[in-house]
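In case you want the letters, here they are:
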Amino acid sequence: MAAVTVSLSSSPGSKAAAALSPSPCSHHQYFLSYPRRSSKAAGRAVRVQVSTTETAAAPAKKEKVSKKQEEGIVTNKYKPKEPYVGRCLFNTRITGDNAPGETWHMVFSTEGEVPYREGQSIGVIADGVDKDGKPHKLRLYSIASSAIGDFGDSKTVSLCVKRLVYTNDQGEIVKGVCSNFLCQSCDLKPGSEVKMTGPVGKEMLMPKDPNATIIMLATGTGIAPFRSFLWKMFFEEHQDYKYTGLAWLFLGVPTSDTLLYKEELERMKEISPDNFRLDFAVSREQTNAAGEKMYIQTRMAEYKEELWELLKKDDTYVYMCGLKGMEKGIDEIMVDLAAKDGIDWFDYKKQLKKAEQWNVEVY
């Protein structure tokens, strides 16, 4: 099949230009060239608690104002009974041949009719019917593209999908309906129709503050919402948004062949070294100084004091997406650190959640 070259067009939200040059149904690498954007983050305010013995009238209760980019957010525009029907524009495997499983990156047309934000999700309804003859239920996927999409024209949406195949207790091979509809053997070729619902979700929306510290914790395809964040931060130029803070990504995977979007991420680090930190945790190939497997919490433990200091500041936001078990491992790191400062970690985490600074989407 002939190679496909796509140039990201200039738009009010983006001046980025890139070339994607794979066969639409093959494992590929991204080759990106974007304008250098480098700026140093300003100082951070430290979270403090102030007490007073003076008696004062209670202030009027104010309506809580979200710290996230919620203005104009759209949710549930399309529902299962009336989905949006887009078309597949691009579908390619992004894991290596030796990866334990297949993960695919795919781009669908929306013609601007599915207005989503970074951090939201969309539903996909696989073709066909279930064992009872009813349409398949939708499957939610975190959106892997920024709001203007991979092509920069606000007319596409991208997903990062792992093909689910496993053997059950009876020795039968089970295939996930929706993931195999999207991924298997390139059945979903460019031009194929796809039924989509949504967009949905506000939990993972980006902070309003362009100078915020954003700590992103991902396992596997949990990288999807963070790819959307990072494209907006480092590959795009916007009149009303320029990121000047610190973005720190921890990505945990089993093998090097499952490091998703590795070339993109390393390119971001090259063009914005003062604003982007990147740490991989490859559990089957890396160990720490004690010889323990390098899971995401193991990698984070190497920076635990620095992370704790960041978490004590009012402009630090944590986002977590991926396997459910990783939050427990991170709790184990933070309990002792917080205790040294006389703080109960779990109570403190509740405060962070209330302030929209601890955001979790796990499965």
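Residues numbered from 1 in each chain as written. Predicted model: local features only at pLDDT ≥ 70, side-chain atom pairs only at ≥ 80, totals over all residues. Heavy atoms only, no water.

- Naming follows an unreviewed UniProt entry, where the chain appears as Ferredoxin--NADP reductase, chloroplastic of Urochloa decumbens.
- Here is the UniProt Sequence similarities (unreviewed entry) comment for the chain, exactly as written: "Belongs to the ferredoxin--NADP reductase type 1 family."
- Word for word, the UniProt comment on the chain under Pathway (unreviewed entry) is "Energy metabolism; photosynthesis." (UniProt positions renumbered as here; feature names shortened; annotations may be inferred.)

**Examining the sheet that holds strand E6 (residues 121-125)**
Next up, step 1: In space, the 6 strands of this open sheet follow the order E7-E6-E11-E4-E5-E8, with antiparallel pairing throughout. Edge positions in the sheet fall to strand E7 (139-142) and strand E8 (156-162), since each has one partner strand and no second. In this sheet, adjacent strand axes meet at a mean angle of 40 degrees when their direction is disregarded.
Next up, step 2: Sheet topology places strand E4 (residues 84-93) next to strand E11 (residues 193-200); 4 bridges connect them, and they run antiparallel. (Pairing = 2+ DSSP bridges. Helix = DSSP H or I, 4+ residues; strand = E, 2+ residues; numbered from the N terminus. Axes fitted to C-alpha atoms, helices over the stretch in contact; angles between N-to-C directions.)

**So, the sheet that holds strand E12 (residues 213-219)**
Next up, step 1: Taken in spatial order, the 5 strands line up as E14-E13-E12-E15-E16 in an open sheet, and their pairing is parallel. In the strand order of this sheet, the two ends are held by strand E14 (276-282) and strand E16 (358-362), each with one partner. Shown here is a sheet whose adjacent strand axes are inclined to one another by a mean of 10 degrees, direction ignored.
Next up, step 2: As paired strands, E12 and strand E15 (residues 316-322) are joined by 6 bridges and run parallel to one another. When the sheet's bridge partners are listed, Leu217 is paired in E15 with Met320.
Next up, step 3: Its contacts with the sheet place helix H5 (residues 304-311) against E12, strand E13 (246-253), E14, E15 and E16, and it is angled at close to 130 degrees to E13. (Contact = heavy atoms within 4.5 Å.)

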